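Analysis of the macromolecular model
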Amino acid sequence: MDWKTFMAGTEADIGTFSKEVPGTVRGFATMGQAAKKDGALSEKTKEFIALGIAIATRCDSCIGFHVRSLVRLGATREELCEALAMATYMGGGPSYAYSAKALNAFDVFSEGQS
């Protein structure tokens, strides 16, 4: 999968849809900001939780969004692999395949980071 092209297309589709439902988008954005805010759990920990859910629900675009956030937040490949091992354990075969996709996305979005 070409993650960068896939995510650009996803963002374009979301942009088109967002124009049709601006109130929903504002509500979703407000909810996201509140959910991601550092508190007892860091934003990075919360993004790992979101990635696990994305893998369990087999949502490619969600994997892309949350992996990109984890790269931005400085997650290491080792941290990601441990989280993916847990997602695989909890979800079995389908999660194994989607965890592999998530690792590939991490490698793509990490290029040039360091």
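Reading guide: rules and limits
Residues numbered from 1 in each chain as written. Predicted model: local features only at pLDDT ≥ 70, side-chain atom pairs only at ≥ 80, totals over all residues. Heavy atoms only, no water. Disulfide = S-S within 2.5 Å. Salt bridge = Lys/Arg side-chain N within 4 Å of Asp/Glu carboxyl O. Helix = DSSP H or I, 4+ residues; strand = E, 2+ residues; numbered from the N terminus. Buried < 20%, exposed > 50% of the residue type's maximum accessible area, 1.4 Å probe, protein only.

So, about the state of the cysteines. Counted according to the given criterion, the structure contains 1 disulfide. A disulfide bridge connects Cys 59 with Cys 62, and the sulfur atoms are separated by 2.3 Å. Given an S-S torsion of about 65 degrees, the disulfide between Cys 59 and Cys 62 has right-handed geometry.

Moving on: the pattern of salt bridges. For the structure on display, the rule yields 6 salt bridges. Between Glu 43 and Arg 72 there is a salt bridge, with its nearest N and O atoms 2.9 Å apart. Of the two residues, Glu 43 sits in helix α3 (residues 43–57) while Arg 72 sits in helix α4 (residues 60–72), which places them 29 residues apart along the sequence. The buried category is assigned to Glu 43, whose relative accessible area is 18%. Arg 72 sits in the exposed class, given a relative accessible area of 55%. As a salt-bridge pair, Asp 107 and Arg 77 come within 2.8 Å of each other at their nearest N and O atoms. Judged by relative accessible area, which is 31%, Asp 107 ranks as partly exposed.

Any functional reading would require information beyond the geometric quantities listed.
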